[in-house]
Amino acid sequence: RLIIRMYRVAHWASVSRKKSMLSWPLSVPILVLYRLLTEWLFMIELPAATQIGARLVIDHGYALVINKHTIIGDDCRLRHCVTIGCNVNADGTQGPSPRIGDRVEVGAGAIIIGGITIGNDAVIGAGAVVTRDVPEGAIVVGNPAQVVRLKGQGTDSGRPQP
């Protein structure tokens, strides 16, 4: 919860800094302090410019890395050692980053890369490497990630507990 509260203040500072030069004297120290605390103390790379919806939960956030162009929806849950990033283009520039829907759960050690979309209510299994779109309500596991079940199919009507 502390990381998310710090992120919200830093995100405000990041947005304010871009809108008005008058906010620079307040925004810059906030952003520097945020970066020092999150990256050096907590070992989490969650840039202030990242777009994150309401009620994100980070369980055991150690070694979490999220690209600043990633978009994360509401009510998502990320576990430790998760990487969410972009591909690097042939010219060395960053390619697009993932768009993650609402109520998505991401297991420990999962990697989500590229300009892909993760549908609402999806579950990304621990250690999965996701490089393609994930449909809404899907459960994906493995390297490369494969859909093993869609919500409402199989033996239960909902998502399994991680």
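Bear in mind the structure is a predicted one, so any value in this text is a computation, not a measurement.

On to the pattern of salt bridges. Once the charged atoms of two side chains with opposite charge are near each other, the side chains can pair. All told, the structure shown has six salt bridges when counted by the stated rule. Arg35 is paired through a salt bridge with Glu39; the nearest N and O atoms lie 3.1 Å apart. Within this pair, Arg35 and its partner Glu39 are both found in helix α2 (residues 24-41), separated by four residues, close to a single helical turn. The salt bridge involving Arg79 is made with Asp59; its shortest N-O contact spans 4.0 Å. Placement of the pair is Arg79 in the loop between β5 (77-78) and β6 (83-85) and Asp59 in the loop between β2 (57-58) and β3 (65-66), with a sequence separation of 20 residues. Exposure class is identical for Arg79 and Asp59. Each is buried. Shared partners join several salt bridges into a network, and the residues in it are Asp59, Arg77, Arg79 and Glu105.

What follows covers the pairing of strand β13 (residues 138-141). As defined by bridge partners, strand β11 (residues 123-124) adjoins β13 across two bridges and the pair is classed as parallel. Across the sheet, residue Ile124 finds its bridge partner in β13, namely Val140. Examined bridge by bridge, β13 and strand β14 (residues 146-150) share four bridges and lie antiparallel to one another. Directly across from Val141, in β14, lies its bridge partner Gln146. Once β13 ends, the chain turns through four residues before running back antiparallel as β14, passing Gly142 with a positive phi of about 100 degrees.

What counts, and at which threshold
- Residues numbered from 1 in each chain as written.
- Predicted model: local features only at pLDDT ≥ 70, side-chain atom pairs only at ≥ 80, totals over all residues.
- Heavy atoms only, no water.
- Salt bridge = Lys/Arg side-chain N within 4 Å of Asp/Glu carboxyl O.
- Helix = DSSP H or I, 4+ residues; strand = E, 2+ residues; numbered from the N terminus.
- Buried < 20%, exposed > 50% of the residue type's maximum accessible area, 1.4 Å probe, protein only.
- Pairing = 2+ DSSP bridges.

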